[in-house]
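A structural walkthrough
Now for the letters of each chain:
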Amino acid sequence: MTRKKLVGIAGLGMYVPKKVLTNRDLEKMVDTSDEWITTRTGIKERRLVQPGTPSSTLAAKAANKALESANLKPEEIELIIVATITPDMPFPSTSCFVQSKIGAKNAACFDIGAACSGFIYGLVTARHFIDSGMYKNALVIGVEVLTSVTDYTDRNTCVLFGDGAGAAVLGPVTSGGILSHYLGADGDLANLLYLPGGGSCNPASKDTLKNRLHYIKMSGSEVFKSAVRLMTDAATRAVCDANLGCKDISLLIPHQANIRIINSVRQRIGLPEDKVYLNVAKYGNVSAASTIIALCEAVKEKRIKKGDIVVLVAFGAGFTWGSIVLKW
Ligand code: UT7
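Residues numbered from 1 in each chain as written. Predicted model: local features only at pLDDT ≥ 70, side-chain atom pairs only at ≥ 80, totals over all residues. Heavy atoms only, no water.

**Quick notes on the site of the ligand**
Our working definition: A cutoff of 4 Å decides nearness: a residue is near a molecule or strand if any of its heavy atoms lies inside that distance of it. In the analysis that follows, any N or O atom pair within 3.5 Å is treated as a polar contact, provided that within protein one partner can donate a hydrogen and the other can accept it, and provided that, for residues neighboring in sequence, both atoms belong to side chains. Accessible surface is estimated by sampling points in the Shrake-Rupley manner with a 1.4 Å probe; for residues, cover comes only from the protein chains shown. Each helix is a run of H or I in the DSSP string that is no shorter than four residues. Each strand is a run of E no shorter than two, and both are numbered from the N terminus. Residues were grouped as follows: Ala, Val, Leu, Ile, Met, Phe, Trp, Tyr, Cys and Pro as nonpolar; Asp, Glu, Lys and Arg as charged; and all remaining residues, including Gly, as polar. Annotation comment: domain bounds sourced from an automatic or database domain assignment.
With respect to spatial proximity, 24 residues lie near the ligand, and among them Thr-32, Arg-40, His-255, Asn-258 and Asn-285 are the closest. With respect to the ligand, the side chain of Arg-40 contributes an N or O atom lying 2.7 Å from an oxygen atom. At a separation of 2.9 Å, an oxygen atom of the ligand approaches a polar side-chain atom of His-255. Protein chains shield 72% of the accessible area of the ligand, which is 960 Å² for the free molecule. Secondary-structure elements contributing two or more residues to the shell around the ligand are α2 (34-41), α6 (155-158), α8 (220-241), α9 (259-269) and β12 (309-316). Along the lines of polarity and charge, the residues of the shell around the ligand split into 11 nonpolar, nine polar and four charged. Mapping the shell around the ligand onto the domain boundaries places at least three of its residues in each of domain 1 (7-174) and domain 2 (179-327).

In structure tokens form, the structure reads like this:
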């Protein structure tokens, strides 16, 4: 399609809680070991909120930093999109709570539920609103308090997840910006990664509590295989759509779920290790917040310079997957 406007990132911000949960801490909670977690996932520690801290609190902290770096006042923001699977509550949307906390009273607000791909789905959505001329700018936030839905009696999942938030201000740019994107989904595979309790399917009841249905359920190895295949496919397709080849990628920023998944994707795409950004060891899997936190840290560490081709790619529950190619 012909683009009316170039859209790019005008500001970035992130926030992670201070409290750290290490692999050693988890050894005391379930039958696991630092050695197993490190070799099977690459995760060494993850951050967690004080119990009762909602996603909107983390999101607002990240959003304020992004606004500051974009040199925008909250009232100037026209659209807020929050990507999360751990909303403050089923309704109203977490984006409305964020709007109130940061004072962005002129913004339209909605949430996106695309799990770990949510931030990329959010960027793509915001791009179209700006490209079409409907809004001048948008604040896209990925946030999770996954510790609120993690079953700390289930060693298959509890070692993986953490809390955090990242935010990006999108707006028109004169060069570079978003070059291309690709989104995909397969609802036939929903039962491989899901949270069954508390929705209209299984409303909260004594039985849903007793059967621990309010926690994440995952068939790890099936998710693993699909993640490798579909993240490779998504990254390759978006790069092709930008009329580039994988050798043109300056930095790949993948969803940080498992270092073995990331390494397999890297090898299939044919990139050297130094062209892939990693922070899975520090934060574990932060779902919708994962790629945006990684982008924020990559920029802060000066891993990205002007003119670089940066590719974000993610995969998550749904299944959903997606990628976006940016020229910095
Ligand atoms: O963010 C959205 C996408 N999510 C992901 O991408 C996650 C994808 N999946 C994964 O990252 C991996 O599948 C896991 C890290 C979850 C699991 O790794 P795996 O190599 O697929 O292990 P597995 O599930 O096949 O389990 C291997 C063994 C099992 O023992 P047996 O049956 O072989 O005796 C598990 O019970 O490892 C055992 N195991 C553990 N042992 C120690 C599973 N979790 C643990 C644990 N500590 N925490």
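That was the structure; now back to the text.
**Notes on the pattern of salt bridges**
Note the cut-off: Think of a salt bridge as a Lys or Arg side-chain nitrogen and an Asp or Glu carboxyl oxygen that are within 4 Å of each other. Here the term buried applies to any residue with accessible area under 20% of the maximum for its type, exposed to any over 50%, and partly exposed to those in between, with areas from a 1.4 Å probe on protein chains only.
Taken as a whole and assessed by the stated rule, the structure comprises 12 salt bridges. The salt bridge partner of Arg-24 is Asp-34, with a shortest N-O separation of 3.8 Å. In this pair, Arg-24 sits in helix α1 (residues 23-27) while Asp-34 sits in helix α2, placing the two residues 10 residues apart along the sequence. Between Asp-248 and Lys-247 there is a salt bridge, with the nearest N and O atoms lying 3.8 Å from each other. Take Lys-247: its relative accessible area is 70%, and that puts it in the exposed class. Where salt bridges share partners, they join Arg-24, Glu-27, Asp-34 and Lys-44 into one cluster.

**Considerations on unusual backbone geometry**
Here the residue pair Phe-91 and Pro-92 is connected by a cis peptide bond, since its omega of 0° sits within 30 degrees of zero. Within the secondary structure, Pro-92 is located in the loop between β4 (79-83) and α4 (94-102). With an omega of -15°, the peptide bond between Gly-318 and Phe-319 qualifies as cis. As for its placement among the helices and strands, Phe-319 is situated in the loop between β12 and β13 (320-327).

**Some details on α8**
Working note: α-helix, 3.6 residues per turn, so residues spaced by three or four point in the same direction. Formally: For a helix, the expected span equals 1.5 Å multiplied by the number of residues minus one. Pairs of residues are marked as contacts when any of their non-hydrogen atoms sit within 4.5 Å.
The first and last C-alpha atoms of α8 sit 31 Å apart over 22 residues, in line with the 32 Å expected at 1.5 Å per residue. Residues of α8 that are buried: Val-223, Phe-224, Ser-226, Ala-227, Val-228, Leu-230, Met-231, Thr-232, Ala-234, Ala-235, Ala-238 and Val-239. Along its buried surface, α8 packs onto β8 (177-185), β9 (193-194), β10 (217-218), α9, β12 and β13. Phi for Asn-243, located one or two positions after α8, is positive at around 60°.

**Details of the domain arrangement of the protein chain**
We apply this condition: Once two parts are joined, some of their accessible surface, as seen by a 1.4 Å probe, is lost; buried area is that loss totalled over both.
Domain boundaries assigned for the protein chain yield domain 1 (7-174) and domain 2 (179-327). If you average the C-alpha positions of domain 1 and of domain 2, the two centres end up 14 Å apart. At the interface, 46 residues of domain 1 touch 46 residues of domain 2. Surface buried jointly by domain 1 and domain 2 totals about 3700 Å² across both partners, of which 68% is contributed by carbon and sulfur atoms.

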